[in-house]
Amino acid sequence: RSLLVVHFWAPWAPQCAQMNEVMAALAKEHMQVTFVKLEAEAVPEVSEKYGISSVPTFLFFKNSQKVDRLDGAHAPELTKKVQRHASSSSVSAGSNDGAKEDLNVRLKKLINAAPCMLFMKGSPKEPRCGFSKQMVEILNKHGISFSSFDIFSDEEVRQGLKTYSNWPTYPQLYVAGELIGGLDIVKELEASGELDTVCPKAQKLEDRLKILINKAPVMLFMKGSKQTAKCGFSKQIIEIMNSTGVDYETFDILEDEEVRQGLKTYSDWPTYPQLYVKGELVGGLDIVKELNETGELLPILKGEN
């Protein structure tokens, strides 16, 4: 039941070197976990078998079964996944009921992660089976707003959801936490005209951007979050914002490509970070720096100016 983490890497990719350092630190912390590095291009048949199309990619194995996957250089996510799988590995074999309960809790959270959730093979942009591709096409054709989960990325979810929902195949569509069904049922709902009433419609992008901009009196659109800025400009603006002591919320534009591209057009501002106060654009890092230096930033953030 011990955990094996395999890092598919390439010597020419600097992000792989960074993740190797992260992995070395995790290895010291989790002595019971085995960490292995595989040069992806040196083992093409293995890379092909596990669908490794970019580096770094991490695969997680338990009992010779692939249980999880992480694509990209996301140190916090790697740490989280290692901790979660390592802790479930250390549970004694006699507590399978507890493990099953934990999985069910996780499945319930995933199913309720969005008003409309699609569990599919691959992603909406790159479906990895014909049924999933057809499902995505139908949902998009009807302008339905949905989030998705790639069941290839997590073997535990892939197998567990079949039992949890008593539905043996994928894709599976859920609305408000309830199973609607697979492709055949969605086709039937489309044919009868019921699909539009069952599934939530996608918001227009402009309406969605307005809601996000006004989510809090002070909103910062950045790369990363308050806790983990993912670019130097975002890091600098966070430091300035924190020094003011004013409450603000952030939105990670790396998590949503539609918002990332759409907001540039909506605000007529081509770069990030972008700071908004009461729904109005203040500007990017340079403007925030200037306002901070002249003492104008705090009154603006407080809505006094």
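Predicted, not measured: the structure shown is a model, and the values here were computed from it.

**Focus on the sheet that holds strand β9 (residues 218–222)**
- Strand order in this open sheet of four strands is β10-β9-β11-β12, and the pairing throughout is mixed. Since the sheet does not close on itself, it has two edges, and those belong to β10 (249–252) and β12 (280–283), each with one partner. Going from strand to strand, the sheet's axes swing by 30° on average, the running direction of each strand aside.
- Examined bridge by bridge, strand β11 (residues 274–277) and β12 share three bridges and lie antiparallel to one another. Paired with V277 across the bridge in β12 is E280.
- Each of β9, β10 and β11 is contacted by helix α9 (residues 205–213), which is oriented at about 120° to β9, the strand it contacts most.

**Observations regarding the pattern of salt bridges**
- Under the counting rule described, the total for this entry stands at 15 salt bridges.
- For the salt bridge of K80 with E77, the shortest nitrogen-to-oxygen distance reads 3.5 Å. Placement of the pair is K80 and E77 together in helix α3 (residues 75–89), with a separation of three residues, close to one helical turn.
- One salt bridge in this structure joins K235 and E239, with 3.2 Å as the shortest N-O distance.

**Some remarks on the packing of aromatic side chains**
- For the structure shown, the criterion picks out five aromatic pairs.
- A centroid spacing of 5.6 Å and a plane angle of 85° characterise the contact between Y50 and F61, whose relative ring orientation is edge-to-face. Of the two residues, Y50 sits in the loop between α2 (44–49) and β3 (57–62) while F61 sits in strand β3, which places them 11 residues apart along the sequence.
- Between F221 and Y276, the aromatic rings sit 5.5 Å apart at their centres with planes inclined by 80°, giving edge-to-face as the arrangement. Residue F221 is found in strand β9, and its partner Y276 is found in strand β11; the two are separated by 55 residues along the sequence.

Rules of the game
- Residues numbered from 1 in each chain as written.
- Predicted model: local features only at pLDDT ≥ 70, side-chain atom pairs only at ≥ 80, totals over all residues.
- Heavy atoms only, no water.
- Pairing = 2+ DSSP bridges.
- Helix = DSSP H or I, 4+ residues; strand = E, 2+ residues; numbered from the N terminus.
- Axes fitted to C-alpha atoms, helices over the stretch in contact; angles between N-to-C directions.
- Contact = heavy atoms within 4.5 Å.
- Salt bridge = Lys/Arg side-chain N within 4 Å of Asp/Glu carboxyl O.
- Phe/Tyr/Trp six-rings, centres within 6.5 Å; stacked < 30°, edge-to-face > 60°.

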